[in-house]
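Below are the chains, spelled out letter by letter.
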Amino acid sequence: MNLPPTAPDARLQPFAVAAQRTLVVFGAPVELVFVPERQRRQGRATSDRPALARSRAATIVAEEGLWRDERHAVTPNRYPFAAQQRILWPLAVQREPDRPMWQVAGAWADAAGGTALLNSVGAAATIARAHAHLLPERLGFLPALRTRPLREPPIDLPPATELVAADVPFCLLGVRGPAEGRAEALLRLGEARLTAAGNVVVQDGTAWLYPRRLETPAPHFPFALGAAEVWGRWCYGERAPFDAATAVDLERALVAAGAEPLP
């Protein structure tokens with residue numbers, strides 16, 4: 001398996017934060033960052049976003065590529081929410097990751113000691129082609145959540161993997177195991193998922209799936225809630241809601257945007 005480089009790259013866009021706060025959400029630490037530049041992104045999930053638009057994925061991959069092999073390419077993130085952030089793309093036109101893409105994203109996160117994040121359309125993605133954010137950084141929110149076993153797992157697990165649920169009032173499932181097993185489990189969970197949208201966070205040998213019912217859980221969080229927020233970094237493009245946000249707001253946002261927890 002070919003992996004994109006994990007070393008720092010001077011060609012990546014610097015991460016610039018205008019302000020930062022910390023809160024405790026469901027007993028675990030999160031960061032709030034005010035990043036006004038992210039309001040300039042094309043295709044943001046807003047109430048007036050059209051149903052169809054010409055995809056920019058092929059142009060981005062062709063013009064901004066930093067690395068590629070026969071299946072995947074890596075580009076910078078023009079409006080990053082983390083340092084040294086890069087984006088992994090499949091060269092094939094596909095809306096959801098396939099097994100090789102899940103394997104590469106997960107193995108990269110393991111090798112970098114970092115994180116891979118994925119948003120689907122309907123869960124904060126601005127471009128419909130599958131893509132994963134690769135970050136050489138870890139956050140403490142997900143590891144701090146208590147977990148429990150599932151009474152009725154929705155899939156048969158691959159060898160050497162374990163499926164747990166976070167002990168929170170919304171559906172958040174974690175697959176633990178090697179990158180290959182996690183990739184297979186994510187494919188099976190994708191087939192089992194009955195919500196149209198979802199977010200995935202891969203960190204510390206666990207792939208977390210957050211199925212989605214609602215994209216923008218206003219008034220609790222007035223922006224499209226994505227994998228960054230599930231990871232523990234809440235990104236605000238406007239100062240007033242950043243200053244006003246409370247832990248209760250963020251807890252209500254996660255509950256409102258997610259699905260009922262599995263037993």
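Structure shown above.
Not measured: the values here are computed from a predicted model.

J.: Sorry if this is basic, but what is going on with the side chain of arginine 212 here?
T.: Its location among the elements puts arginine 212 in strand S12 (residues 206–212). Despite being buried, arginine 212 has no salt bridge partner; glutamate 215 is the closest side chain of opposite charge, sitting 6.4 Å away. Within the structure, arginine 212 has its side chain in polar contact with the backbone oxygen of leucine 225 (distance 2.6 Å). Leaving out residues up to four positions away in the same chain, arginine 212 has contacts with Ala123, Thr195, Ala197, Gly198, Asn199, Leu225, Gly226 and Ala257.

J.: Explanation requested: the pattern of salt bridges in the structure shown.
T.: Any two side chains of opposite charge can pair, on the condition that their charged atoms come close. By the definition in use, this model includes 12 salt bridges. One salt bridge in this structure joins glutamate 215 and arginine 49, with 4.0 Å as the shortest N-O distance. Of this pair, glutamate 215 sits in the loop between S12 and helix H5 (227–231) while arginine 49 sits in the loop between strand S2 (28–34) and helix H1 (57–64), and the two are 166 residues apart along the sequence. Arginine 49 sits in the partly exposed class, given a relative accessible area of 28%. It is possible to trace a salt-bridge network through shared partners that takes in Glu31, Glu137 and Arg233.

J.: Sorry, what's going on with the sheet that holds strand S13 (residues 233–236) here?
T.: Consider a sheet: its strands pair through backbone hydrogen bonds, and that pairing is either parallel or antiparallel. Strand order across the open sheet formed by 3 strands is S1-S2-S13, with mixed pairing between neighbours. Because the sheet does not close on itself, it has two edges, and the strands there are strand S1 (19–25) and S13. Across the sheet, the mean angle from the axis of one strand to that of its neighbour is 25 degrees, orientation sign disregarded. Alignment of S2 against S13, held across 4 bridges, turns out to be parallel.

J.: Quick question: what am I supposed to make of the pairing of S2 here?
T.: Residues in a regular strand point their side chains to alternate faces of the sheet. Counted residue by residue, S2 has 6 buried out of 7 residues, so it is predominantly covered. The hairpin turn running from S1 into S2, its antiparallel successor, is 2 residues long, and phenylalanine 26 in that turn takes a positive phi close to 50 degrees.

J.: Please clarify how the pairing of strand S11 (residues 197–203) should be interpreted in this entry.
T.: Across the 7 residues of S11, 7 count as buried, placing the element largely inside the fold. Here S11 shows no split at all, with Ala197, Asn199, Val201 and Gln203 on one side and Gly198, Val200 and Val202 on the other all buried. Pairing of strand S6 (residues 115–119) with S11, which is carried by 5 bridges, proceeds in the antiparallel orientation. Looking across to S11, one finds that leucine 118 is bridged to valine 200. With 7 bridges connecting them, S11 and S12 associate as antiparallel partners. Pairing of alanine 197 across the sheet is with arginine 212, part of S12. In sequence, S11 turns back onto S12 through a hairpin of 2 residues, with aspartate 204 there showing a positive phi of about 55 degrees.

J.: Looking at this structure, I do not really get the nonpolar core. What am I missing?
T.: The nonpolar side chains of a soluble globular protein tend to be buried, and buried together. Core analysis: the biggest nonpolar cluster contains 41 residues, and Leu32, Leu172, Leu225, Trp234 and Tyr236 have the highest contact counts within it. Every element with two or more residues in this core is listed here: S1, S2, helix H3 (141–144), S12, H5, S13 and helix H7 (247–257). Contact partners of tyrosine 236, with chain neighbours within four places excluded, come to Leu32, Val33, Phe34, Val35, Pro36, Phe221, Phe223, Pro241, Phe242, Ala245 and Leu250. One finds Val104, Ala165, Ala183 and Val200 within the second-largest nonpolar core, a separate group that totals 30 residues.

Parameters at a glance
- Residues numbered from 1 in each chain as written.
- Predicted model: local features only at pLDDT ≥ 70, side-chain atom pairs only at ≥ 80, totals over all residues.
- Heavy atoms only, no water.
- Helix = DSSP H or I, 4+ residues; strand = E, 2+ residues; numbered from the N terminus.
- Buried < 20%, exposed > 50% of the residue type's maximum accessible area, 1.4 Å probe, protein only.
- Lys, Arg positive; Asp, Glu negative; His and termini not counted.
- Salt bridge = Lys/Arg side-chain N within 4 Å of Asp/Glu carboxyl O.
- Polar contact = N/O pair within 3.5 Å; in protein donor to acceptor, adjacent residues only side chain to side chain.
- Contact = heavy atoms within 4.5 Å.
- Pairing = 2+ DSSP bridges.
- Axes fitted to C-alpha atoms, helices over the stretch in contact; angles between N-to-C directions.
- Core = buried A, V, L, I, M, F, W, Y, C linked by side-chain atoms within 4.5 Å.

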